[in-house]
Amino acid sequence: MIHLRRRPALLAAVPLAVTALLAAADPALAAGGVGAPGVGDPYFPLAGNGGYHVDHYDLTLNYDPGSRRLEGRAVLTARATQRLTRFDLDLRGLKVTGLTVDRTRARHRRDGQELVVTPGRALRAGEQFRVTVTYSGVPGPVTDPDGSLDGWIPTDDGAFVAGEPQGAMTWFPANNHPKDKASYDFTLTVPEGRTAVANGVLLGKRTAHGRTTFRWRQTEPMAAYLATATIGKFRVQQFTTRAGVKVYNAVDPREAAASAPVLKQLPSVLDWESKLFGRYPFRAAGAIVDRAPQAGYALETQTRPVYDRAPDIGTLVHESAHQWFGDSVSLTSWKDIWLNEGFASYAEWLYAEQHGGKSAQASFDALYATPADGDLWAFPPGNPGSGKNIFDTPVYARGAMALHALRTAVGDRAFFRILRAWADRHRHGHGTTAQFERLAERVSGKELSGLLHTWLYAPGKPNTRTKNR
Ligand code: ARG
Ligand code: ZN
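Residues numbered from 1 in each chain as written. Chains lettered and ligands numbered in written order. Predicted model: local features only at pLDDT ≥ 70, side-chain atom pairs only at ≥ 80, totals over all residues. Heavy atoms only, no water.

Which parts of the structure should I look at to understand the overall build of the protein chain?
Across its full length, the protein chain carries 11 helices and 22 strands. Along the longest, intermediate and shortest principal axes, the C-alpha atoms of the protein chain span 65 × 60 × 40 Å. Once local pairs closer than 6 in sequence are excluded, the contacts in the protein chain between residues at least 24 apart make up 69%. Charge-centre separation for the protein chain: the mean point of 56 positive side chains lies 6 Å from the mean point of 45 negative side chains. (Helix = DSSP H or I, 4+ residues; strand = E, 2+ residues; numbered from the N terminus. Contact = heavy atoms within 4.5 Å. Lys, Arg positive; Asp, Glu negative; His and termini not counted. Charge placed at Lys NZ, Arg CZ, Asp CG, Glu CD.)

See the structure below:
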């Protein structure tokens, strides 16, 4: 998606001296032609890499659930944002068996999660280049700072693949940070009888010599953590919605009975969310319902969330809302995680409110009753403090409370206009908390910095209670 890559286009156009100045100001742009080992995220310093953007990933993977062996080839089409004599990719474990840059063999070495690449000649700022990495091995998950597993998680019949925040690098070499979004092609080969499900639209499926190859295409830009290649014995259901969205559901037969009534509601949930948040951002949708107790969580993998078990309606609403908030509008820093989780949680409150359940105000009040020393108030959602806390209660629940406080302050009309404007202005791009605050003030015409500061950044239980509506 070249038109979305504002930064490289800008850097390519400005003279060298200015590029150097910008490089000095941006920690991700290291001097001396060496791409930085991270994009500068304080919570995950080595996540992503400096010096280039990836436009497209073409991933060809072969997986054998019996031996748990993965053979992969990744072709990255990228663009240098500075002169590069050396740059990094993120890759954990696995063995690199070949690496070329623009079809010429390149030197490379491993250093923890960094795959350090030295191309045969320096890449010019603005130059497009292609990296091909062949690799193999037995992939496994990473353990996140919060102790949960993330990445390639083997199951009894395949693998549950969910990469938030770090796990993409456990199965393909990536610029592993949501700041860098790209389109994807997947060619996944598994033993006949297993199904391999990725993001986007299924282009084709072919069986030969006891192995089946699934080809998937994710056209709209996607952050690496939202990629999946979940494999198992699945029952598949395919249809196109009235709005023209291609739905592909893959369900572990052991979860089929429990998930059927909830999955049936997917089209109406997406319709309802489209009315609230604006047009659904992708051409494909669906669900992957696996049995993966090792993971213990669901993830909003783009177009097609992965569920570790049959979801309840709240979880379906939550992961679907992420398609707008988190997937289409992406983070630039993990610190802003409330922009994902607070919004998806508030979508659950809204769903209940509009479908005969609790009002959002009642959800707010119930949480507000939490005593001041409760976990809910352990830290403010706009400043979780470290990567260990990004999926904790304050991010989800107090994040949703912050949105409800905003709604109470500006009224329903302005509030829903703000949500739609946010999804629309930053569609297929990025957004920061500061940008959200400015947008809310612009749309509502109200000064909101005090209220938002209280709910997002002030430590402890806020004592300015929103009025009952
Ligand atoms: N974003 C997921 C959700 O829908 C949660 C992911 C949790 N990941 C983790 N590694 N703990 O809430
Ligand atoms: Zn979530």
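Honestly, the coordination of the zinc ion (ligand 2) in this entry has me stumped. Any pointers?
Note on metal sites: the ideal angle is 109.5 degrees for four tetrahedral donors, and 90 or 180 degrees for six octahedral donors. Protein ligation of the zinc ion (ligand 2) involves His318 (NE2), His322 (NE2) and Glu341 (OE), the donor distances falling in the range 1.9 to 2.0 Å. Expressed as a motif, the donor residue spacing for the zinc ion (ligand 2) is H-x3-H-x18-E. Of this pair, His318 sits in helix α5 (residues 313-321) while Glu341 is found in helix α6 (residues 338-354), placing the two residues 23 residues apart along the sequence. Residue His318 is classed as buried on the basis of its relative accessible area, which comes to 6%. In this structure Glu341 comes out as buried when scored by relative accessible area, which is 1%. (Donors = N, O, S within 2.8 Å, 3.2 Å for Na, K, Ca; no water. Buried < 20%, exposed > 50% of the residue type's maximum accessible area, 1.4 Å probe, protein only.)

In this structure, what is going on with the site of ligand 1? I would like to understand it.
Close contacts around ligand 1 come from 14 residues, with Asp144, Ser148, Glu164, Glu341 and Tyr396 the closest. Contacts to ligand 1 include Asp146, whose side-chain N or O atom sits 3.2 Å from a nitrogen atom. Within the contact set of ligand 1, a nitrogen atom lies 2.8 Å away from a side-chain nitrogen or oxygen of Glu341. Burial of ligand 1 by the surrounding chains reaches 93%, relative to a free accessible area of 350 Å². (Near = heavy atom within 4 Å. Polar contact = N/O pair within 3.5 Å; in protein donor to acceptor, adjacent residues only side chain to side chain. Areas by Shrake-Rupley, 256 points an atom, 1.4 Å probe, with all protein chains shown as cover.)

When you look at the sheet that holds strand β20 (residues 306-307) in this model, what are you seeing that I'm missing?
By way of backbone hydrogen bonds, the strands of a sheet pair with one another, either parallel or antiparallel. Here four strands make up an open sheet; going across it, the order is β17-β18-β19-β20 and the pairing mixed. Both edges of this open sheet fall to β17 (235-240) and β20, since each of them pairs with a single strand only. Both strand β18 (residues 246-251) and strand β19 (residues 284-289) contribute to a ladder of six bridges, which runs parallel. Across the sheet, the residue bridging to Asn249 is Ala287, located in β19. (Pairing = 2+ DSSP bridges.)

Just to check I follow, could you spell out the nonpolar core for this structure?
Most often, soluble globular proteins keep nonpolar side chains buried together rather than apart. Among the nonpolar cores identified, the biggest contains 136 residues, and Phe87, Trp171, Phe172, Tyr184 and Phe186 are the most heavily contacted of them. The residues contacting Tyr184, other than those within four sequence positions of it, are His56, Tyr57, Leu59, Phe172, Trp216, Arg217, Gln218, Met222, Ala223, Ala224 and Ala227. (Core = buried A, V, L, I, M, F, W, Y, C linked by side-chain atoms within 4.5 Å.)

Please clarify how the sheet that holds strand β12 (residues 181-191) should be interpreted in this entry.
Ordered in space as β5-β4-β8-β2-β1-β12-β15-β14, the eight strands form an open sheet in which the pairing is mixed. This sheet does not close on itself; its edge strands, each paired only once, are β5 (104-105) and β14 (201-208).

Is there a simple way to think about the environment of Arg121 in this case?
Here Arg121 is to be found in the loop between β7 (114-118) and β8 (128-137). When the C-alpha positions of Arg121 and Arg68 are compared, they lie 37 Å apart, and in sequence the two are 53 residues distant. Once you skip the residues sitting within four places of it in the chain, Arg121 turns out to touch Asp102 and Glu127. Engagement of the side chain of Arg121 in a polar contact is seen with the side chain of Glu127, the distance being 2.7 Å.

Looking at this structure, how should I read the pattern of salt bridges?
Pairing between side chains of opposite charge can happen when the charged atoms of each approach one another. Enumeration according to the criterion identifies 14 salt bridges in this entry. One salt bridge in this structure joins Arg254 and Asp157, with 3.8 Å as the shortest N-O distance. Residue Arg254 is found in helix α3 (residues 253-263), and its partner Asp157 is found in the loop between β10 (149-154) and β11 (159-162); the two are separated by 97 residues along the sequence. By relative accessible area, which is 37% here, Arg254 ends up partly exposed. Where Asp185 meets Arg217, a salt bridge forms, and the shortest distance between an N and an O atom there is 2.8 Å. Of the two residues, Asp185 is situated in strand β12 and Arg217 in strand β15 (residues 211-223); the sequence distance between them amounts to 32 residues. (Salt bridge = Lys/Arg side-chain N within 4 Å of Asp/Glu carboxyl O.)

Where do I start with the packing of helix α4 (residues 266-277) against α5 in this structure?
Helix-helix packing is described using two parameters, namely the angle between the two axes and the distance between the axes. Relative to each other, α4 and α5 sit at 50 degrees, their axes nearing to 10 Å. Judged on the interaxial angle alone, α5 and α4 are oblique. The element α4 and its partner α5 pack so that their crossing is right-handed. Taken together, the residues of α5 that come into contact with α4 (itself represented by Leu266, Val269, Leu270, Trp272, Glu273 and Phe277) are Ile313, Leu316, Val317, Ser320 and Ala321. (Axes fitted to C-alpha atoms, helices over the stretch in contact; angles between N-to-C directions. Parallel < 35°, antiparallel > 145°, perpendicular 65-115°, else oblique. Left-handed = near helix turned anticlockwise from the far one by under 90°.)

No statement about biological role is implied by the geometric values presented.
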